[in-house]
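Coordinates in review
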Amino acid sequence: MVLYRIRVSTGASFHAGSKNQVQLWLVGQHGEAALGKRLWPTRGKEIEIKVEVPEYLGPLLFVKLRKWHLLHEDAWFCNWISVQGPGAGDEVRFPCYRWVEGDGVLSLPEGTGRTVGEDPQGLFQKHREKELEERRKLYRWGNWKDGLILSVAGTKLSDLPVDERFLEDKRVDFEVSLAKGLADLAIKDSLNVLTCWKDLDDFNRIFWCGQSKLAERVRDSWKEDALFGYQFLNGANPMVLRRSVRLPARLVFPPGMEELQAQLEKELKGGTLFEADFSLLDGIKANVILCSQQYLAAPLVMLKLQPDGKLLPMVIQLQLPSTGSPPPPLFLPTDPPMVWLLAKCWVRSSDFQLHELQSHLLRGHLMAEVIAVATMRCLPSIHPIFKLIIPHLRYTLEINVRARTGLVSDMGVFDQVVSTGGGGHVELLKRAGGFLTYSSFCPPDDLADRGLLGVQSSFYAQDALRLWEIIFRYVERILSLHYKTDVAVKDDPELQTWCREITEIGLQGGQDRGFPVSLQSQNQVCHFVTMCIFTCTGQHSSVHLGQLDWYAWVPNAPCTMRLPPPTTKDATLETVMATLPNFHQASLQMSITWQLGRRQPVMVAVGQHEEEYFSGPEPKAVLKKFREELAALDKEIENRNAKLDMPYEYLRPSLVENSVAI
């Protein structure tokens, strides 16, 4: 008889344990043995058993398990199962990290990552094929709106596979915070329904306590040109700004503006001229809210980078020129204060639209969803890239379904209070899809394309590059354990299918925008996987974490505008107040901003996941090194921020979430 020691770990979430019995089998290269004992998994506990089998099973390949029930089906969340063989042999880990439902037999392969080429005997081939066949039935491509990149099939939360659902702690926190936000909204509405809003300070009535220090700073300084310019470098949406290589063709100078043109050309020659162009909004149909027409603009802002690092606006154009009409006015810092302030408010409102729809929803959430669905359809759990990327896909499908059924759905938040709601938001997403280029998802390429490399006051650029480099080294070290040559990359059919599924299917012809349809070298696969992980971690955090700081003071980022863009320079305070959101719109913007932008209590920082998908000492050493480099970057950012008047923390590893989970 041969003795095996077995440990079974159950998750710690509220319903993770089960009242059903679990039976186990061990499968080795020399045979299979059914274990006579049955287990009752207990939440948050490890169960250890010792069993004797008639003969040595050889190197272990699988643990099979089956959950039995008589009257009541009770799902079980299994973390992992480990087995120690006869003598003082090494303990072998079989990762699971999923719900076990029904009474079918589930096979868990040993946790060493293996490509098809690393399984020359085909010991795991049938398992790989069966797992992917089952997954493709569960994870089907869907099409939320024609003309967009694809999403997971299903229109409601119950359509999702159970393993994609929030665990209890996450679900309770999300739903309680939503209820609190709606309660605050009701209170603010009741307190302000009979009051008149005549002054910008009246927005303080809904700017309640509990705001961040930076949000309070924004409230106090939002009119300043320096803060206006700073947001393009390090605000909630650092994705619009680029260094000018020529004066934009749309910038038409009316008579008397020769001096301005000369100033812009001087900055251009000196390499200190930057622009933020919102032409994507041109022609988008604006919302109608409660029978009241809302309005959009498509601004252009030209800014100059000063020697002290401040980025200051030089001129604002709110609309594109149109044939047969006079050129649109150019608004200048020397204009009357309310005229200049209103022009900046229009820019900030336009930035709100592009940020939430293009930078955040499309490039963050929906792109991560494409990666998630393709991964589940194409990579078996034994594949090293699956093991590498799966922690960065946690909760993404559920948060996206919640967004599609609450934020951007018919009669959702966008339809209720955002100027691109009512269908304009969908049209904008379709237009923005044409700009989903491969290079734009890779900071070294994107920052070079936009001329932001070397801009000392762009902390986003500095931190994005550093985080990308750390993730790249992590990916490179893991994949070097499995792909020893470029030929090994080319000959991995699962890898090639995954890459093609993302590009051709999920991104709907992404090869036309530079995405690869195959991976031909070790460097290419490392670059592609780094892009996937960075998109799900750093890039999303860089456009998510700033919402509470920059959008809580509504005049700094108006969700909608209630009067048309000005065509003259006679604006007054009354004009500004009549243009900005009313108290209900402003209150709802603040409530949603608080719920989605607050620091999440149920949060896993990048690289800090507890799940161990890899077995063996080498991957563990690589993860340890990854965490050490993340900690060093975190400390560097902390030290730098201590010297800054306005700290930049949106890419600080301790605050960057490990996946798109909110």
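Residues numbered from 1 in each chain as written. Predicted model: local features only at pLDDT ≥ 70, side-chain atom pairs only at ≥ 80, totals over all residues. Heavy atoms only, no water.

Looking only at helices and strands, the protein features 19 helices and 17 strands. By the compact-globule yardstick of 26 Å for 662 residues, the protein fits well, its C-alpha radius of gyration being 27 Å. C-alpha atoms of the protein, sized along the principal axes, occupy 95 × 55 × 45 Å. Here the protein holds 662 residues, and the buried ones make up 59% of them. Long-range pairs, those at least 24 residues apart, make up 74% of the contacts in the protein between residues at least 6 apart in sequence. Summing over all exposed atoms, the protein offers an accessible surface of approximately 27000 Å²; the carbon and sulfur share of this is 54%. Positive and negative side-chain charges in the protein, numbering 73 and 79 respectively, have mean positions lying 2 Å apart. (Helix = DSSP H or I, 4+ residues; strand = E, 2+ residues; numbered from the N terminus. Rg over C-alpha atoms; globule rule 2.2 N^0.38 Å. Buried < 20%, exposed > 50% of the residue type's maximum accessible area, 1.4 Å probe, protein only. Contact = heavy atoms within 4.5 Å. Areas by Shrake-Rupley, 256 points an atom, 1.4 Å probe, with all protein chains shown as cover. Lys, Arg positive; Asp, Glu negative; His and termini not counted. Charge placed at Lys NZ, Arg CZ, Asp CG, Glu CD.)

Here helix α5 (residues 258–270) contains 13 residues, and its C-alpha end-to-end distance of 19 Å stays within 8% of the 18 Å for a straight helix at 1.5 Å per residue. Those residues of α5 not exposed but buried are Leu260, Leu264 and Glu267. Projection of α5 onto a plane perpendicular to its axis shows the buried side chains occupying an angular sector of 60 degrees, all on one side. What points out from α5, more than 90 degrees from its buried face, is the exposed set Glu258, Glu259, Lys266, Lys269 and Gly270. (Expected span 1.5 Å × (residues − 1). Arc of directions from axis to C-beta.)

What follows covers the domain arrangement of the protein. Frequently, the measure chosen for interface size is the accessible area removed from exposure when the parts meet. For the protein, the domain assignment lists domain 1 (2–111) and domain 2 (137–239 + 354–661). Between domain 1 and domain 2, the C-alpha centre-to-centre distance is 38 Å. With twelve residues of domain 1 at the interface, the matching set in domain 2 holds 13 residues. Overall, the association of domain 1 and domain 2 removes approximately 1200 Å² of surface from exposure, summing both partners, and the carbon and sulfur fraction of that is 58%. Taken as a group, Tyr97, Trp99 and Gly111 account for 41% of the area that domain 1 buries against domain 2, more than any other trio of residues on that side. Inspection of the region where domain 1 meets domain 2 yields one salt bridge. Its salt-bridge partner being glutamate 612, residue arginine 93 comes within 3.9 Å of it at the nearest N-O pair. There are five residue pairs in polar contact (both at pLDDT 80 or more) connecting domain 1 and domain 2. Its residues assigned to classes, the side of domain 1 that touches domain 2 comprises five nonpolar, three polar and four charged. (Domains from an automatic or database assignment. Buried area = accessible area lost by both parts, 1.4 Å probe. Salt bridge = Lys/Arg side-chain N within 4 Å of Asp/Glu carboxyl O. Polar contact = N/O pair within 3.5 Å; in protein donor to acceptor, adjacent residues only side chain to side chain. Nonpolar A, V, L, I, M, F, W, Y, C, P; charged D, E, K, R; others polar.)

In this section: the pairing of strand β6 (residues 76–84). Most of β6 is tucked away, with nine of its nine residues classed as buried. With six bridges joining them, strand β1 (residues 2–10) and β6 adopt antiparallel strand pairing. Within the sheet, the bridge partner assigned to threonine 10 lies in β6 and is cysteine 78. (Pairing = 2+ DSSP bridges.)

Another aspect to go through is the UniProt feature "binding site: Fe cation" (unreviewed entry) in the protein. Here, UniProt's "binding site: Fe cation" (unreviewed entry) annotation points to His360, His365, His540 and Ile662. A stretch of 303 residues holds the annotated residues, and the largest C-alpha distance among them is 11.0 Å, short enough that they meet in one place. Along the chain, histidine 360 falls in helix α6 (residues 337–378). Apart from the residues within four sequence positions on either side, histidine 360 is in contact with His355, His365, His540, Val543, His544 and Gln547. Within the fold, histidine 365 resides in helix α6. You can call histidine 365 buried: its relative accessible area is 6%. Dropping the residues within four chain positions of it, histidine 365 is found in contact with His360, Thr396, Ile399, Asn400, His540, Val660 and Ile662. (UniProt positions renumbered as here; feature names shortened; annotations may be inferred.)

For the rest of this paragraph, the subject is the pattern of salt bridges. This model, assessed by the stated rule, comprises 38 salt bridges. Its salt-bridge partner being aspartate 351, residue arginine 348 comes within 2.9 Å of it at the nearest N-O pair. Of this pair, arginine 348 and aspartate 351 both sit in helix α6, three residues apart, which is roughly one turn of that helix. Here aspartate 634 makes a salt bridge to arginine 652, at a shortest N to O gap of 3.2 Å. Taken as a pair, aspartate 634 in helix α19 (residues 617–641) and arginine 652 in the segment after α19 lie far apart in primary sequence, 18 residues in all. For the pair aspartate 634 and arginine 652, a shared accessibility class is recorded, and that class is buried. Linked by salt bridges that have partners in common, Arg165, Glu168, Arg171, Glu175, Glu398 and Arg402 make up one network.

Relative orientation of the contacting elements helix α4 (residues 225–234) and α6 amounts to 15 degrees, with a least axis distance of 12 Å. Taken together, the axis directions place α4 and α6 in an arrangement best described as roughly parallel. For the pair α4 and α6, the crossing hand works out as left-handed. Residue-level contacts link Asp225, Phe228, Gln231 and Phe232 of α4 to Trp340, Lys344, Val347 and Arg348 of α6. Taken together, the residues of the contact of α4 with α6 break down into four nonpolar, one polar and three charged. (Axes fitted to C-alpha atoms, helices over the stretch in contact; angles between N-to-C directions. Parallel < 35°, antiparallel > 145°, perpendicular 65-115°, else oblique. Left-handed = near helix turned anticlockwise from the far one by under 90°.)

The pairing of strands in a sheet comes from backbone hydrogen bonds and takes either a parallel or an antiparallel form. Taken in spatial order, the four strands line up as β3-β2-β5-β8 in an open sheet, and their pairing is antiparallel. Looking along the sheet, the strands with just one partner apiece sit at the ends: β3 (31–39) and β8 (105–109). Each strand axis lies, on average, 20 degrees off the axis of its neighbour in the sheet, ignoring direction. When strand β2 (residues 21–28) meets β3, the two strands line up antiparallel, connected through six bridges. Residue valine 22 lies in a different strand from β3, and its bridge partner there is leucine 39.

This part covers the side chain of asparagine 287. Of note, asparagine 287 is situated in the loop between β12 (273–277) and β13 (288–289). Here the side chain of asparagine 287 touches aspartate 415 through a polar contact of 2.9 Å, landing on its backbone oxygen.

This brings us to empty space enclosed by the protein. All chains considered together, the criterion is met by three cavities of 30 Å³ or more. In this structure, the largest cavity occupies an estimated 50 Å³ of space. Taken together, Trp222, Lys223, Phe228, Leu341, Lys344, Cys345, Arg348, Pro555 and Asn556 make up the lining of the largest cavity. Among the residues making up the lining of the largest cavity, the classes are represented as five nonpolar, one polar and three charged. (1 Å grid on protein atoms, 1.4 Å probe; cavity = no way out; pocket = protein on both sides within 12 Å on 5 of 7 lines; lining within 4 Å. Points joined across faces, edges and corners; volume = space filled by probe spheres on them.)

Per the counting criterion, the structure on display carries 19 aromatic pairs. With a centroid separation of 5.0 Å and 70 degrees between ring planes, the pair formed by phenylalanine 166 and tyrosine 395 is classed as edge-to-face. Here the residue phenylalanine 166 occupies a position in the loop between β10 (151–152) and α2 (168–192), and tyrosine 395 occupies one in the loop between α7 (384–389) and α8 (396–407), the gap between them amounting to 229 residues. Like phenylalanine 166, the residue tyrosine 395 is buried in the burial classification. Ring centres of tryptophan 197 and phenylalanine 583 lie 6.3 Å apart, and the angle between their planes is 35 degrees; this geometry places the pair in the tilted category. Pair noted here: tryptophan 197 is in the loop between α2 and α3 (213–221) and phenylalanine 583 is in helix α18 (residues 583–597), with a separation of 386 residues, a long-range link. Judged by its relative accessible area of 16%, tryptophan 197 falls in the buried class. (Phe/Tyr/Trp six-rings, centres within 6.5 Å; stacked < 30°, edge-to-face > 60°.)

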